[in-house]
Amino acid sequence: MQYIMESERKPMRSKRIFLLLMTALLALSMVLSGCKSQTATDTIKIGSVHPLTGSMAYEGQAMVNAQKIAIDKINAEGGINGRFLELVAKDSLGTSSGAANAALKLTNSGVVALTGTYTSSSAQVVSRTAEKTRIPLVVTVASSDNLLSNGYRYTFRVQPSVSVFSQNFLKYLSYFKTDDMETVAFIYENSNYGAGISEYITDHIDETGLRIVGMLSYPATTSTMSSEVTKLAALDPDLLVPIGYYSDQNLFMKEVLERGIQFKKIVGCANGAFSDAKFLRTYGTQVDGIYDINYRYNPNSEEAQYMLETYREVYGEDIPVHAIYGYESIMVVADALKRCKNPDDPEELRDAIAASEIYEHVLPQGVIKFDEKGENINSAGVLVEIRDGKHIIVFPEEYADHDEVQK
Amino acid sequence: METLKVIDVCKSFQGNVAVDHASLDVKEGEITGLIGANGAGKTTLFNCISGYYHATSGKVIYKDQEVQHKTAEKLCHMGMARTFQIAKPFGMLSVLDNVAVGGYNKANSRTQAYEFAEQSLDLVGLIDKKENLAQLLNTGEQRKLELARALATQPEVLLLDEVMAGLTPTESREMVELIDKINKTGITILMIEHIMPVIMKLSHYIYVMERGKMIAEGIPVEVANNPKVIESYLGKGLEVE
Amino acid sequence: MKTKKVEQGTLLVLLLMAVIYPFLSDRYMLSVGISVLLMALLGQSWNIMSGYAGQFSFGHAAFFGLGAYASSILYVDHGVSPWIGMIAGMAVAALVGVLIGFLSFRYKLRGDFFALVTLAFAEILRVLFNNTKALKAATGILIPYKDVWSEFQFANDRIFYFILLAMVIAATIFIGLMSRRKFGVCLIAIKENQEAAGSLGVPVLKYKLLAMAISAAIAAMAGTFYAQYYGFIDPTVVFSAAISVEAIVPCIIGGAGTLGGPLLGALIIVPLKELSNNLFEGVNGVNMIIYGVLIVLFVVFCRDGIYGTVIRRLKGARS
Amino acid sequence: MSLQGLQSLLDGILMGGVYALAALGLSLIFGVLKITNFAHGAMMTVGMYVVFALGNDLGLNPYLALPFAMVLMFLIGFLIQRFPIHYIEHAPTHNQLLLTLGMAYILENVLLVIFTPNYQTLTVKGFEKAWRIGSLTFAPAKLIAFGVVIIVTGCVYYLLYMTNTGKSIRASAQNETGAKLMGINVRNIRAIAFGIGAVCTGIAGGLLTPIMSIYPTLGETFQLKCFVITVLGGMGNLWGALVSGLIIGVVESLSGYYLGGSWSEMVIYGIFILILFLRPTGLFGRGNRREN
Amino acid sequence: MLTITDLHVGIGNLKIIQGISLEVRRGEIVSLMGANGVGKTTFMRALSGLGHITGGTVEFEGQDITHATSQEIVEAGLIQVPEGRQLFSLMSVKENLEIGAHTKRAKARMKENLEYVYTLFPELKEMNSQAAGNLSGGQQQMVAVGRGLMADPKLLILDQPSIGLSPIMTQKVLKAVIDIHIRGVSVLIAEQNIHDVLKIAHRAYVLEQGLIRASGTAQEMAENAEIKAMYLGH
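Predicted model, so just to flag it, every value in this text is computed and none were measured. (Residues numbered from 1 in each chain as written. Chains lettered and ligands numbered in written order. Predicted model: local features only at pLDDT ≥ 70, side-chain atom pairs only at ≥ 80, totals over all residues. Heavy atoms only, no water.)

K.L.:
Hey, could you run me through the overall build of chain C in this one?
P.N.:
From N to C terminus, chain C includes 14 helices and two strands. The C-alpha atoms of chain C give a radius of gyration of 19 Å, which matches the 20 Å a tight globule of 319 residues would have. Counting only residues that meet the buried cut, chain C has 67% of its 319 residues in that class. By element, 69% of the accessible surface of chain C is carried by carbon and sulfur atoms, the whole surface being about 10,000 Å². One finds the centroid of the 24 positive side-chain charges in chain C at a distance of 13 Å from the centroid of its 15 negative side-chain charges. (Helix = DSSP H or I, 4+ residues; strand = E, 2+ residues; numbered from the N terminus. Rg over C-alpha atoms; globule rule 2.2 N^0.38 Å. Buried < 20%, exposed > 50% of the residue type's maximum accessible area, 1.4 Å probe, protein only. Areas by Shrake-Rupley, 256 points an atom, 1.4 Å probe, with all protein chains shown as cover. Lys, Arg positive; Asp, Glu negative; His and termini not counted. Charge placed at Lys NZ, Arg CZ, Asp CG, Glu CD.)

Rendered as structure tokens:
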């Protein structure tokens with residue numbers, strides 16, 4: 001018996017109290033998670049499912065922030081036929097089950113539409129939820145090509161998908177491709193989005209006359225990009241296409257700049273870092289001459305200016321480009337709501353969204369209109385150049401803006 | 001007739017020699033004793049015999065088969081059971097279940113396993129506590145449980161590793177009788193023991209081990225008077241001025 | 001005997017609650033219910049291998065993911081019904097489980113080291129699936145949305161709920177029966193002392209591998225369900241460490257190595273997590289802080305788990 | 001080996017140094033205290049943010065901020081050990097794992113609440129350009145980090161093997177009862193040891209701040225790598241951790257260069273599994289401890 | 001010097017020691033006898049602050065140490081050489097001895113004590129740099145006793161020093177105990193090996209099922225028929 005460790009003074013009483021407390025809390029949680037939050041009839045609720053904790057919390061939060069600005073704008077303008085909009089945002093925790101639970105919680109609390117979800121895997125799950133609950137989902141950001149391939153009636157996507165980005169890349173190539181450009185190399189993060197874009201482009205590379213000399217993939221969670229940089233420096237392609245998220249691409253550029261490697265031409269595709277304001281704040285004019293094909297606002301739109309300024313005012317930083325789609329998703333819902341006789345009827349709202357024809361919006365594209373799959377038919381990215389430490393849209397011509405630049 | 005023969009077994013761990021060319025014979029139906037200080041290599045030798053370790057070199061012959069590479073499970077099926085120096089009860093199982101684990105060794109059914117278990121619990125005198133959790137037994141009872149488990153496997157040879165350790169005088173007296181009783185049922189026993197009077201009383205033949213080597217062997221009286229054993233193991237007794 | 005009654009009573013109450021629940025709940029509650037059951041099923045799977053047999057796995061996502069992938073690939077690419085795919089997935093997972101187990105046990109790994117090996121295998125599978133085009137690489141697999149029972153698809157979530165419930169009940173009954181038979185008793189013996197068990201003739205390796213195979217198969221079953229219910233899988237989702245953690249949490253909260261522990265654990269932790277998500281919507285991160293604090297408190301003050309503590313008390317075991 | 005290969009080797013060695021230091025903290029906690037610490041990555045992130053906050057808000061040079069980070073990390077480590085880890089020291093591994101995982105959630109999300117989830121980048125003046133020798137380049141932040149790592153490892157070695165506190169730490173690790181009976185305050189000593197582990201971890205995090213852009217869950221990505229290094233080097237073996245950190249850094253870099261970044265993870269986990277199977281005491285470990 | 005009054009000690013819910021009163025006077029060797037499992041070790045550990053004392057008092061040199069921590073008890077000069085030796089097995093013999101001198105008081109006399117340990121057990125000096133875990137049982141026991149001496153004890157508690165030792169080694173350790181006693185250290189020794197220990201002890205107590213069954217001078221005990229029958233019998 002001697003070999004038993006005597007633990008010094010067991011927390012006996014506190015153990016009992018703890019158990020009691022837990023039981024009480026459990027009972028409470030059962031009750032609370034059971035009650036529906038009362039449905040206020042005076043506001044129209046729009047649900048928002050984004051990762052607000054975990055590794056994508058920044059992107060998710062920015063999305064919600066932009067949505068709030070859109071909501072405030074509509075309410076300031078008198079709301080929907082006199083009724084105010086309310087955004088109900090939920091944390092998807094970045095997981096499928098978290099997203100599904102959040103979406104259902106929202107549909108329970110009486111939202112007329114869902115928006116979300118930043119990651120494709122969550123979007124797939126929420127779109128199924130939308131289909132089952134017959135509440136329309138307007139996808140803010142989720143680029144996976146197969147998102148709408150299930151024939152869901154209730155899912156709409158405003159943002160450009162992987163293949164749209166890729167097509168944009170091929171189309172805009174004419175702008176930056178020089179005659180002596182022969183070789184191209186890709187460095188992309190190895191998930192659905194990075195790998196998806198690079199694959200699409202390589203499948204169509206013959207059309208461009210370019211020859212692929214390198215396809216370098218890396219996990220987005222990498223802590224070093226040294227060997228990739230070394231390898232690319234040796235390959236020295238005429239065109240380098242980096243595709244990735246903020247932290248990894250930032251790491252990449254940092255290595256490139258530190259070593260003073262001059263790539264002939266760098267054109268990002270939906271690059272999480274290149275189009276970000278923080279990126280410019282960090283590197284200033286050192287990154288001049290880099291292009292990126294990405295989300296953007298329409299510089300000629302007054303509403304876009306309003307959005308930019310308000311975001312900066314409220315949140316103290318420039319709006320991250322992906323968050324623009326958070327803003328516009330609310331606008332799409334609001335526009336449809338205005339056309340509904342009964343805005344509380346999700347079914348009518350779905351039809352209204354499907355029938356959307358929005359000419360006034362912040363995006364660098366033509367009219368927002370959905371095809372029968374729910375895809376925004378005119379969705380597009382634009383070609384952005386970093387010039388004098390500023391982002392300037394250079395292509396397509398109608399959205400190009402050489403004078404107005406983002407601060 | 002030897003049931004078990006250990007021939008020239010060596011066992012080393014990362015260069016440390018624990019058993020150094022040890023040999024011993026266990027005759028059928030007898031009780032063979034193995035004495036020596038802690039660290040002399042007795043338990044290691046035991047482990048080599050019972051299949052828990054594989055000997056570095058040498059042979060273990062059991063029922064005319066070389067078994068030095070067999071696992072403990074296999075040997076158990078062949079009728080060799082053992083106890084451990086530190087009792088190892090399955091604490092969260094009841095006493096009966098503990099013994100039944102051993103009972104399953106030869107049993108064809110659950111019922112038979114529990115029959116074996118009850119029999120051996122009866123033999124060691126733990127039957128009253130069969131519903132208790134094993135971890136609630138005291139040291140003496142744990143020893144008995146250990147023995148009962150081994151017996152439930154229906155062994156022909158029983159290897160006992162210091163079964164007396166931690167027993168009260170009354171308990172050890174009972175244990176001596178018990179071992180004798182078990183032996184009388186025809187089970188061959190090889191036992192490690194510290195307490196000289198016990199081993200002297202029980203054993204038919206004794207081996208003395210030191211630093212991994214066998215230094216002496218013989219019937220109890222011979223060993224007790226062997227000058228080599230006295231010099232390196234027994235001593236001359238404490239002399240205080 | 002008292003223990004047995006309490007155990008049976010608890011399980012019966014849980015079962016009753018589980019059966020009535022979907023009729024009292026809306027979609028959201030149902031979805032939470034499914035989260036609870038999924039966690040319970042994963043927990044029971046983990047329970048066999050780690051709770052009963054004592055082989056601590058930190059890589060159950062490997063089996064879960066294999067199950068999800070096997071059925072989904074068969075379904076989407078080859079039109080095989082996921083019901084059959086599920087069986088195939090279970091077989092594949094069991095095979096991989098046995099392989100991992102065999103290698104680990106052959107090299108005598110235990111405790112932390114065994115846990116790390118399982119974790120590493122899960123990670124390897126994630127990287128492998130993420131980089132293999134034939135397995136759809138990073139794109140993941142989208143399950144077509146239908147309402148055909150033969151294809152494991154239902155528009156009504158209640159049916160999903162009951163199917164999952166049936167799986168949990170089956171796993172629980174299996175463990176319940178097992179725990180009183182040779183296999184179960186010997187597994188506990190192996191957990192408590194492998195050497196002693198071996199010396200009593202228990203086929204240690206065989207039983208450990210068998211436990212791993214069964215455990216892996218149940219996790220794979222959960223994986224197939226997951227794919228069919230949520231409709232989308234990719235390597236970062238189904239092979240993530242988060243899934244492995246989900247298998248462990250309910251067992252520790254409820255009590256590892258007990259029949260009702262994982263069930264009760266899942267029933268406690270999922271609603272608590274939902275609650276903290278709902279209560280602290282304003283400040284992001286607070287929900288996860290609360291979740292973390294809850295876990296810490298449970299582990300510190302209730303080391304054997306809630307159910308485990310009760311059972312131990314009833315059996316009169318030392319704390 | 002080509003010039004590029006050489007450069008990769010060099011980068012691997014430099015990065016490996018930081019890994020080594022991060023793993024050193026884990027090795028101490030894992031090997032000496034026998035705690036499977038899954039809050040390790042989160043502790044690293046805390047170090048990153050301390051250095052970031054001091055550098056960004058007070059304009060302190062990140063390397064001057066390190067001492068502050070060390071003090072804070074020591075306190076955090078000390079407190080984590082006193083509560084809650086103290087209560088589960090003898091609990092099964094999975095309890096430890098879950099508890100430390102809970103701690104990780106808490107730490108990460110406290111950081112999220114305080115610092116927002118935004119990516120933060122700290123640039124050090126004068127470090128914008130790499131230093132070069134011939135055609136080889138050295139990232140200054142990594143080079144300095146490497147130097148710091150060597151110094152810190154040396155200090156920890158001195159602390160553990162040459163001082164009374166160190167002896168007490170090792171004694172308590174090897175035999176708690178024995179240590180108590182010699183008048184050692186084992187509870188405090190263990191907390192100090194955890195604190196030292198946390199300091200190493202925090203410094204490693206702090207050294208990464210000028211190298212990476214940081215966010216609250218960044219540490220998770222180092223968690224498994226640190227386990228790999230710890231096991232490779234042998235638990236509690238300081239020099240083992242250092243050498244293994246370098247090995248993993250080099251393996252990652254070279255496999256990244258020759259096979260591609262996506263597969264380098266696989267190579268590392270493969271090595272991990274092989275080591276676990278073939279030499280669970282680590283490359284430099286003696287004795288066979290896997291049975292206990 | 002050490003006065004124990006009606007001490008109760010438990011492990012968890014089990015009551016192991018149920019009211020023991022015992023005394024060690026300055027300059028005595030007192031033996032606590034009893035078979036294994038009667039609570040000797042639980043009792044000894046409780047004296048060093050490693051048990052859960054539920055009642056009674058322990059007084060050492062006029063100071064109440066019933067609920068003192070093990071550090072405080074060591075500071076006071078009550079040192080235990082525990083059952084099973086509890087050495088720091090990966091550390092060298094020298095390091096083990098050095099750690100013995102952990103308290104301020106012990107550090108001040110470290111050199112002197114180390115010299116004494118080496119005169120008492122000359123073998124240890126030769127094995128200075130060997131890892132303690134690699135020594136034989138007897139050698140380990142010497143290190144354990146040596147480590148205890150390094151803590152500069154006023155009262156040395158030895159818990160079953162003969163466990164696992166050959167009779168000849170036991171005799172050697174017990175001889176060392178006499179030497180230590182001559183040097184002015186009082187000794188409380190728990191032993192199963194009653195035959196030998198009664199030769200060196202002044203007084204003895206017999207512990208059975210958590211209670212003192214008998215006590216008296218060593219000679220009285222050696223001649224007590226009941227004890228003879230029970231313990232010296234085999």
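K.L.:
Looking at this model, I keep getting lost on the overall build of chain A. Mind explaining?
P.N.:
Looking only at helices and strands, chain A has 12 helices and 12 strands in total. Long-range pairs, those at least 24 residues apart, make up 68% of the contacts in chain A between residues at least 6 apart in sequence. (Contact = heavy atoms within 4.5 Å.)

K.L.:
What's the story with the interface of chain D and chain C in this structure? I'm lost.
P.N.:
Interface size is commonly expressed as the accessible surface area that is lost when the partners come together. At the junction of the two partners, chain D supplies 42 residues and chain C supplies 42 residues. For the pair chain D and chain C, the summed buried area comes to about 4,000 Å², and 79% of that belongs to carbon and sulfur atoms. Broken down residue by residue, the surface that chain D buries against chain C is led by His94(D), Leu98(D) and Phe277(D), which jointly contribute 17%. Linking chain D with chain C are one salt bridge. For the salt bridge of Glu265(D) with Arg126(C), the shortest nitrogen-to-oxygen distance reads 3.2 Å. Viewed at the interface, chain C and chain D are joined by six residue pairs in polar contact (both at pLDDT 80 or more). When residues of the side of chain D that touches chain C are traced back to their parent elements, those giving at least two are helix H4 (93-115), helix H9 (220-233) and helix H11 (261-278) of chain D. (Buried area = accessible area lost by both parts, 1.4 Å probe. Salt bridge = Lys/Arg side-chain N within 4 Å of Asp/Glu carboxyl O. Polar contact = N/O pair within 3.5 Å; in protein donor to acceptor, adjacent residues only side chain to side chain.)

K.L.:
Where do I start with the packing of helix H5 (residues 140-162) of chain D against helix H10 (residues 238-258) of chain D in this structure?
P.N.:
Packed helices, taken two at a time, are described by the angle between their axes plus the distance between the axes. Residue and element names in this part refer to chain D. Between H5 and H10, the shortest axis-to-axis distance is 10 Å and the interhelical angle comes to 160 degrees. In terms of axis orientation, H5 runs roughly antiparallel to H10. In the packing of H5 onto H10, the handedness of the crossing is right-handed. Where H5 approaches H10, its residues Phe146, Val149, Ile150, Thr153, Gly154, Val156, Tyr157, Leu160 and Tyr161 are matched on the opposing element by Leu238, Trp239, Leu242 and Leu246. (Axes fitted to C-alpha atoms, helices over the stretch in contact; angles between N-to-C directions. Parallel < 35°, antiparallel > 145°, perpendicular 65-115°, else oblique. Left-handed = near helix turned anticlockwise from the far one by under 90°.)

K.L.:
Would you take a moment to explain a nonpolar patch on the surface for this structure?
P.N.:
A contiguous nonpolar surface patch, about 710 Å² in accessible area, is contributed by Leu12(C), Leu15(C), Leu16(C), Val19(C), Ile20(C), Phe23(C) and Leu24(C). Relative to the helices and strands, Val19(C) resides in helix H1 (residues 2-24). (Patch = residues over 30% accessible without salt bridge, like charges linked within 9 Å, V, L, I, M, F, W, Y side chains within 5 Å.)

K.L.:
Would you mind going over the interface of chain E and chain B with me for this structure?
P.N.:
Taken together, the 23 residues of chain E in the interface contact 25 residues of chain B. Summing the contributions of chain E and of chain B, the shared interface buries around 1,800 Å²; its carbon and sulfur component is 61%. If you list the elements that add at least two residues to the side of chain E that touches chain B, you get helix H8 (167-182), helix H9 (194-200) and helix H11 (225-232) of chain E. If one sorts the elements of the side of chain E that touches chain B by residue count, H8(E) sits on top with six residues. In the side of chain E that touches chain B, the residues fall into 11 nonpolar, nine polar and three charged. (Nonpolar A, V, L, I, M, F, W, Y, C, P; charged D, E, K, R; others polar.)

K.L.:
Whenever I open this one, the side chain of Arg149(B) confuses me. Can you help?
P.N.:
Along the polypeptide, Arg149(B) turns up in helix H5 (residues 139-152). Overall, Arg149(B) belongs to the buried group, its relative accessible area being 2%. Setting aside its immediate chain neighbours within four residues, Arg149(B) contacts Lys88(B), Pro89(B), Phe90(B), Asn98(B), Val99(B), Gly102(B), Ala196(C) and Leu200(C).

K.L.:
Which parts of the structure should I look at to understand unusual backbone geometry?
P.N.:
Glycine aside, a negative phi is what most residues show, and trans is what most peptide bonds show. Cis geometry is found at the peptide bond from Phe395(A) to Pro396(A), where omega equals 0 degrees. With respect to the secondary-structure elements, Pro396(A) resides in the segment after strand S12 (390-395). In the segment running from Phe83(D) into Pro84(D), the intervening peptide bond is cis, with an omega of 5 degrees. Tracing the chain through its elements places Pro84(D) in the loop between helix H3 (62-82) and H4. Even without being a glycine, Lys34(D) presents a positive backbone phi close to 60 degrees. Residue class for Lys34(D) comes out partly exposed when judged on its relative accessible area of 44%. Of note, Gln160(E) is a non-glycine position whose phi angle comes to about 50 degrees, a positive value. Within the secondary structure, Gln160(E) is located in the loop between strand S7 (155-159) and H8. Taking the relative accessible area as the measure of exposure, Gln160(E) reaches 2% and is therefore buried.

K.L.:
Sorry, what's going on with the pattern of salt bridges here?
P.N.:
Any two side chains of opposite charge can pair, given that their charged atoms come close. All told, the structure shown has 48 salt bridges over all chains when counted by the stated rule. A salt bridge links Asp236(A) to Lys264(A), with the shortest nitrogen-to-oxygen separation between them at 3.3 Å. Linking Asp236(A) in the loop between helix H7 (226-235) and strand S8 (239-243) with Lys264(A) in the loop between helix H8 (246-259) and strand S9 (267-269), this pair joins segments that are 28 residues apart in sequence. Salt bridges here are not isolated pairs; linked through shared partners, they connect Glu255(A), Arg259(A), Asp11(D) and Lys142(D).

K.L.:
Just to check I follow, could you spell out the sheet that holds strand S2 (residues 84-91) of chain A for this structure?
P.N.:
Hydrogen bonds along the backbone pair up the strands of a sheet, which may run parallel or antiparallel. All names here are of chain A. In space, the five strands of this open sheet follow the order S2-S1-S3-S4-S5, with parallel pairing throughout. Each end of this open sheet is capped by a strand with a single partner; those strands are S2 and strand S5 (155-157). The mean inter-strand angle of the sheet, taken between neighbouring strand axes irrespective of direction, is 25 degrees. Here strand S3 (residues 111-116) pairs with strand S4 (residues 137-139) via three bridges, running parallel. Paired with leucine 114 across the two strands is leucine 137, which belongs to S4. (Pairing = 2+ DSSP bridges.)

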